[in-house]
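One letter stands for each residue in the lines below.
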Amino acid sequence: MTPRRRSLPRTLALRAALLVAAYGVAHLAGLRPLTTILSGSSPPSSLPPLAASALGCAYVVLHFAAIVVAPILAIAAALLAAADRLAPGRATERAR
Amino acid sequence: MTITVLRALVAIVVAAALWLPALHLFYGRSPRELAGPLVAAQLADDGGAERARMRRTNPEWDLMGRLFLVGALANRALADTSARATHLAAIDRLLDETLADDARGGPFVFLLPYAHAGSFAANPPRSLFVDSELALMIGLRRLIADDARWQAAHRERVERVSKALGGAAWAESYPDECWTFDHAVALAALRIADRVDGRGDGRDAHAAVIAATLARMKRELVDGTTGLLVSSFGRDGRARDGAEGSTIWMTIHCLALVDAPLARDQYARAKAALGHRFLGFGWAGEWPAGKRDAVDIDSGPVIPLLDVSPGSSGLMFLAAATVGDDETLRALTATLELAAFPMRDRDGRLRFAASNQVGDAAIAYALSVGPAWERAR
């Protein structure tokens, strides 16, 4: 018995969810104010400036990943799932 | 396997084609809606904690932040008489604080440390940057409601500015360093001084110095390639920094008060040279294409590839609002909401995490402009 492979739509949806979850964690961790580095200002934090700047940059990356990339992955997952539903035979063939 | 990858790629491309053009629709807030919450947040920082933090990076931003906040409050006080008393009180507090700072340390309080590296032509040292912004701040205050309390301080600064602009050499902001930004602010300050203290018969006290400075700017400060006003130059008028977003947008805003055709011409050129639009979002770069310079304290960070300058983009609000370019204003607002990380508190006050006090104040001012310039014309 071979382990069942995860379908492509599920894989994409899972990645979208992971990006959103990572962004949520960064947000809850209070990293948003550290993005003030984009204005050239020193971050309002007791962290060392370099660490605060790195976390601010990480927040920016995760923000765009969650706002721009994750919805694209989610829409792509939905499109593929719809295509598989419309042509289930071909999807099974491809999964082999 | 190859077919799976291909399917995924096709699906992602189609999804991107659906999502990206629609993204700006989620950031379609009306620009003017932001002004009130931004001003409220600025007023909540009454002790100036944000400004104090910002001073550590650049003391110029402290003075500019105060000017933009006074500008926002003045325009809102003129537009809404019910808020006038509150806004006037806030302006008076800022003026008291700023004049006290100026009395304590002179222009050096608001200048970067390199101001000490050379000697100002004027003795005692005078910076057009400081004097013009102070003259404009007090002038805006008097434009709403004149008060004898501010007249002497205002007239003193206005005369300093007028004298500096009327000299044979260009007026310094730093030793042998002159800025178009500060000359434009000075011109607006003189026009407002004429409005509050002038005769109102077209022969105002500073009409001649305003006209002469404008003529000289057009003659000596226009970049031959872009047709834009350069940013900085020596006392002899020799250009140092070419056109820059951190200077040109505020310059356009101030020129609109004294030479509307020049302001419109500069706006059209600056928008073509520095403005960017993509999928409903708008932003500005710091330098025209092919004229990229080194990132410095004035430019602020510039995000490569996309050519996003947060400083230039923030000040582009001011120029777009001044010339009534609502389409650009909406595109800039969409970008601001997407990429500047708005933070709203329970009382509806708004600030942008990726910005700072001067950035937020500039946007609050931009989204409030109109009534003060109308009254001063």
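This text follows the structure it describes.
Bear in mind the structure is a predicted one, so any value in this text is a computation, not a measurement.

Asks: How do you make sense of the packing of aromatic side chains when you look at a structure like this?
Replies: Two numbers describe a pair of aromatic rings. These are the distance of the centres and the angle of the planes. What the rule picks out here adds up to nine aromatic pairs over all chains. With centroids separated by 5.3 Å and ring planes inclined at 45°, the aromatic side chains of B:Trp19 and B:Phe26 adopt a geometry described as tilted. Exposure remark for B:Trp19: the relative accessible area of 15% places this residue in the buried category. Ring geometry for B:Tyr114 and B:Tyr174: centres 4.4 Å apart, planes at 15°, overall stacked. Of the two residues, B:Tyr114 is situated in the loop between α5 (84–105) and α6 (128–144) and B:Tyr174 in the loop between α7 (148–166) and β1 (178–179); the sequence distance between them amounts to 60 residues. For B:Tyr114, a relative accessible area of 37% corresponds to the partly exposed category. Ring-pair connections join several aromatic residues into one group, and the members of that group are A:Tyr23, A:Tyr59 and B:Phe341. Directly above the ring of B:Trp170 sits B:Arg216, whose terminal nitrogen or CZ lies 4.3 Å from the centroid.

Asks: I keep staring at the pattern of salt bridges and nothing clicks. Help me out?
Replies: Oppositely charged side chains can form a pair if their charged atoms are brought close together. Residues and elements named next belong to chain B. Per the counting criterion, the structure on display carries 31 salt bridges over all chains. Lys 218 is the partner of Asp 259 in a salt bridge, and the nearest nitrogen-oxygen pair spans 2.8 Å. Of this pair, Asp 259 sits in the loop between α10 (245–258) and α11 (260–274) while Lys 218 sits in helix α9 (residues 207–220); the two residues are 41 residues apart in sequence, bridging distant segments of the chain. Taking the relative accessible area as the measure of exposure, Lys 218 reaches 42% and is therefore partly exposed. One salt bridge in this structure joins Glu 337 and Arg 344, with 3.2 Å as the shortest N-O distance. Via salt bridges that share partners, Arg 51, Arg 55, Asp 62, Arg 66, Glu 97, Asp 101 and Arg 104 belong to a single interconnected network.

Asks: So what exactly am I meant to see when it comes to the interface of chain A and chain B here?
Replies: By convention, interface size is frequently given as the accessible area that disappears when the constituent parts associate. Listed as interface residues are 30 residues of chain A and, on the opposing side, 30 residues of chain B. Summing both sides of the interface, chain A and chain B together bury roughly 2,500 Å²; the carbon and sulfur share of this comes to 69%. B:Arg7 serves as the salt-bridge partner of A:Asp84, at 2.5 Å between the closest nitrogen and oxygen. At the boundary of chain A and chain B, one finds nine residue pairs in polar contact (both at pLDDT 80 or more). Of all the elements in the fold, those that place two or more residues in the side of chain A that touches chain B are α1 (8–28) and α2 (49–86) of chain A. Broken down by element, the side of chain A that touches chain B gets its largest block of residues, 15 residues, from α2(A).

Asks: How should the packing of helix α2 (residues 35–44) of chain B against helix α4 (residues 59–79) of chain B be read in this particular structure?
Replies: When two helices pack together, their arrangement is given by the angle between the helix axes and by the axis-to-axis distance. Residues and elements named next belong to chain B. With their axes 11 Å apart at the nearest point, α2 and α4 run at an angle of 125° to one another. Between α2 and α4, the interaxial angle falls into the category oblique. Between α2 and α4 lies a crossing of left-handed hand. Across the interface between the two elements, Ala 35, Gly 36, Val 39, Gln 42 and Leu 43 of α2 pack against Leu 69, Ala 72, Leu 73 and Arg 76 of α4. Among the residues forming the contact of α2 with α4, the class breakdown is six nonpolar, two polar and one charged.

Asks: Would you mind going over the pairing of strand β3 (residues 275–278) of chain B with me for this structure?
Replies: Side-chain direction in a regular strand flips from residue to residue, so the side chains alternate between the two faces of the sheet. Across four bridges, β3(B) lies against strand β4 (residues 281–284) of chain B in antiparallel orientation. The residue bridging B:Gly275 from the neighbouring strand is B:Ala284, located in β4(B).

Definitions and cut-offs
- Counting starts from 1 at the beginning of each chain's written sequence and moves along it residue by residue.
- All chains are assigned letters beginning with A, and all ligands numbers beginning with 1, in the order in which they are written.
- At least 70 in pLDDT is required for a residue's local features to be given in this predicted model, at least 80 for side-chain atom pairs to be given and counted, and no such filter applies to totals for whole chains, interfaces and linings, which use all residues.
- By convention in this description, side-chain values take in all heavy atoms of the structure and omit both hydrogens and water.
- Note on aromatic contacts: the rings of Phe and Tyr and the six-membered ring of Trp form a pair at centre separations within 6.5 Å, being stacked when their planes are under 30 degrees apart, edge-to-face when over 60 apart, and tilted otherwise.
- Per-residue accessibility, obtained with a 1.4 Å probe over protein chains only, is compared with the maximum for each type, and a residue is labelled buried under 20%, exposed over 50%, and partly exposed between these values.
- Strands here mean DSSP runs of E at least two residues long; helices mean DSSP runs of H or I at least four residues long; both are numbered from the N terminus.
- A ring is considered to have a charge above it if a Lys NZ or an Arg CZ atom is located within 6 Å of its centre and within 35 degrees of its normal.
- Only one rule defines a salt bridge in this text: a Lys or Arg side-chain nitrogen within 4 Å of an Asp or Glu carboxyl oxygen.
- We call two residues contacting when some pair of their heavy atoms lies within 4.5 Å.
- By buried area we mean the combined loss of accessible area, with a 1.4 Å probe, across both parts when two parts are placed together.
- Here a polar contact is taken to be a pair of N or O atoms separated by no more than 3.5 Å, where protein atoms must pair a possible hydrogen donor with a possible acceptor and residues adjacent in sequence count only if both atoms sit in side chains.
- Geometry is summarised by axes, namely lines fitted to C-alpha atoms with helices restricted to the contacting stretch, and by angles between N-to-C directions that run from 0 to 180 degrees.
- Orientation is classified from the angle alone, with under 35 degrees giving roughly parallel, over 145 giving roughly antiparallel, 65 to 115 giving roughly perpendicular, and any other angle giving oblique.
- Two helices that cross are described as forming a left-handed crossing if the nearer one is turned anticlockwise from the farther one by less than a right angle, and a right-handed crossing if clockwise.
- When residues are sorted by character, Ala, Val, Leu, Ile, Met, Phe, Trp, Tyr, Cys and Pro go into the nonpolar class, Asp, Glu, Lys and Arg into the charged class, and all the rest, Gly among them, into the polar class.
- Only strands joined by at least two bridges in the DSSP assignment are considered to pair.

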